[in-house]
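Single-letter residue listing:
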Amino acid sequence: MAAPDPNQPLVLLGGLTTAEFLRDYWQQRPLLVRNAVPGFENPIEPDDLAGLATDPDAASRIVRGHVDRQDWDVEYGPFDAEHLGQLPARDWTLLITDVERFWPGGSDFLARFDFIPRWRRDDLMISYAPPGGSVGPHVDQYDVFLFQAAGRRRWQIQDPPGSLDCHDDLPLAILREFHPSETWELGPGDLLYLPPGLPHYGLSLDAQCMTWSVGFRAPTILDVLTGFLEERANVIGDQTRFEDPGRHPAACPAELPAADRRELREALRALLAAEDQDLDAYLGRFLTRPAGNIELAPEDPGIAARAGVAERFVLHPGIRRAWFQGPDGPVLCVGGNDYPAQHVAPEVLETFCRAETLSVAEWEEAIPAIRQILADGLEAGWIAPETPAE
């Protein structure tokens, strides 16, 4: 599936083209779209979410409290069914992140937002709440599309943001002060885009209020730098030390000699120096690293070498894949690894990055590194042999 035509008006964006939305709204100001998905029928029942909240592999939490009482509390799953059945009639919210890993339709819904590169996309989070359910007025440091799938939710924003001081005695980052400047009530099919750094407050108005949140979280430059330095440090190892044979006697023992500083400066510059193609490969690895909350089960990498061409392997649904155009041709990045993919057409790489299962027969000709990808994935646990139950 290709990204939307940047000059084609989209109902999802209220008739704006993706080019217009990115130019005038993205990371700048909110956008409310009524009936963004015409004819939408919610495919997820509350019982489906409750069942997912009992799954130890799913990240779930329950937030209780009310803005007037400031009595916020949060519990983390997995939850047992009895506990969920005893929740009160109002003032709580169940939130489940990374729903696309467990619900095949989640990936299809996320594909509606493919006008933003997938490396920027965080996850699909679904919240369910009775009347009064909320997580309080807060600020997110990422872009988010809030889609109302069932029931009604009132959203308020504070623009300009003003004070962003949060309570330090609460388990959540709730703003001490919130003065709404605009209010909207969203019903099924409505969509609200909010840029990062904008205080907002959502409140469930109905029983069985369900909101789907598509978040786009960018890494901090410090995280990118830290990851780069960690990679370089691992290559050098802790046995490499400063050496100074032929040193001259010290005239001033407390002085940091110019020659010593020069040698250490040059060592640091050598550590930090990198060509553009090396930095691009690092970024591909960094941006496709498995998230810390993904449970991986390593397999024997020798399975890949012994695998028949028709045997199929399943990719972990939380593993990111991406590619970029390098000076010598495309480079494919999967699960924190990079692989040369010269002479592979962009549409083939796009198809590979969407595939849920792989076999040697499918990809040996198009992706020469397929056996290495399988071996690396099996060893790390983000690929597993397909079983009949799957």
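From a predicted model like this one, the values you see are computed outputs, not experimental measurements.

J.: I would appreciate a short explanation of the sheet that holds strand β7 (residues 153-157) in the present structure.
T.: The pairing of strands in a sheet comes from backbone hydrogen bonds and takes either a parallel or an antiparallel form. With respect to topology, three strands assemble into an open sheet ordered β8-β7-β10, the strand pairing being antiparallel. A single partner strand is all that each edge strand has here, and the edge strands are β8 (182-186) and β10 (200-204). On average, each strand axis in the sheet is tilted by 20° relative to the strand beside it, whichever way the strands run. Examined bridge by bridge, β7 and β10 share five bridges and lie antiparallel to one another. Bridge pairing in β10 links R154 to L203.

J.: Before we go on, may I ask you to explain the environment of D140 in this structure?
T.: Looking at where D140 falls in the secondary structure, it is placed in the loop between β5 (123-129) and β6 (143-150). A residue is classified by how much of its surface remains accessible, and D140, at 13% relative accessible area, is buried. Sequence separation of D140 and A322 is 182 residues, and the distance between their C-alpha atoms is 26 Å. Beyond its immediate chain neighbours, meaning those up to four positions away, D140 contacts P196, G197 and H200. Polar side-chain contacts of D140 include one of 3.1 Å to the side chain of H200.

J.: Mind showing me how you'd approach the pairing of strand β15 (residues 337-340) here?
T.: Looking along a regular strand, one sees the side chains alternate between the two faces of the sheet. Strand direction decides the pairing type here: strand β14 (residues 329-334) and β15, joined by four bridges, are antiparallel. Across the sheet, the residue bridging to C333 is D338, located in β15. Counting the residues in the hairpin turn of β14 and β15 gives two residues, including G335, whose phi is positive at 55°.

J.: How do you make sense of the packing of helix α5 (residues 221-236) against helix α6 (residues 258-272) when you look at a structure like this?
T.: Axis angle and axis distance: for two packed helices, these are the angle between their axes and the distance between the axes, and together they describe the pair. Following both chains from N to C, one finds α5 and α6 inclined at 110°, their axes separated by 10 Å at the closest point. Taken together, the axes of α5 and α6 lie roughly perpendicular to each other. In this structure, α5 contributes F228, L229, R232, A233 and I236 to the contact, and α6 contributes A270, L271 and L272. Of the residues belonging to the contact of α5 with α6, the class tally is seven nonpolar, no polar and one charged.

J.: Whenever I open this one, the side chain of T18 confuses me. Can you help?
T.: Secondary-structure assignment places T18 in helix α1 (residues 18-24). With residues near it in sequence (within four places) discarded, T18 still touches P4, D5, P6, Q8, L10, L13 and F115.

J.: How should I be thinking about the side chain of Q158 in this particular structure?
T.: Within the secondary structure, Q158 sits in the loop between β7 and β8. Judged by relative accessible area, which is 6%, Q158 ranks as buried. Of the polar contacts made by the side chain of Q158, one reaches the backbone oxygen of P161; its length is 2.2 Å. Every residue in contact with Q158, bar those within four places of it in the chain, is listed here: S163, E177, F178, H179, S181, L198 and P199.

J.: It is not clear to me how the pattern of salt bridges should be interpreted in this structure. Could you clarify?
T.: Oppositely charged side chains may form a pair once their charged atoms are brought near each other. For the structure on display, the rule yields 21 salt bridges. Residue D206 pairs with R152 through a salt bridge whose shortest N-O separation is 2.9 Å. With a gap of 54 residues between them, D206 in the loop between β10 and β11 (209-216) and R152 in the loop between β6 and β7 connect regions that are remote in the sequence. Here D338 ties to R285 by a salt bridge, and the two come within 2.8 Å at their closest N and O atoms. Of this pair, D338 sits in strand β15 while R285 sits in helix α7 (residues 276-287), and the two are 53 residues apart along the sequence. With relative accessibility at 30%, the residue D338 sits in the partly exposed group.

J.: Sorry if this is basic, but what is going on with unusual backbone geometry here?
T.: Trans peptide bonds make up most of the peptide bonds, and negative phi angles are found at most residues other than glycine. In the segment running from G77 into P78, the intervening peptide bond is cis, with an omega of 10°. For P78, the location among the structural elements is in the loop between β3 (73-76) and α3 (81-85). Omega for the bond connecting D159 with P160 falls within 30 degrees of zero, at 10°, which places this linkage in the cis form. Here H343, not a glycine, exhibits a phi torsion of approximately 70°, which is positive. Here H343 is to be found in the loop between β15 and α9 (346-354).

How each quantity is defined
- Residues numbered from 1 in each chain as written.
- Predicted model: local features only at pLDDT ≥ 70, side-chain atom pairs only at ≥ 80, totals over all residues.
- Heavy atoms only, no water.
- Pairing = 2+ DSSP bridges.
- Helix = DSSP H or I, 4+ residues; strand = E, 2+ residues; numbered from the N terminus.
- Axes fitted to C-alpha atoms, helices over the stretch in contact; angles between N-to-C directions.
- Buried < 20%, exposed > 50% of the residue type's maximum accessible area, 1.4 Å probe, protein only.
- Contact = heavy atoms within 4.5 Å.
- Polar contact = N/O pair within 3.5 Å; in protein donor to acceptor, adjacent residues only side chain to side chain.
- Parallel < 35°, antiparallel > 145°, perpendicular 65-115°, else oblique.
- Nonpolar A, V, L, I, M, F, W, Y, C, P; charged D, E, K, R; others polar.
- Salt bridge = Lys/Arg side-chain N within 4 Å of Asp/Glu carboxyl O.

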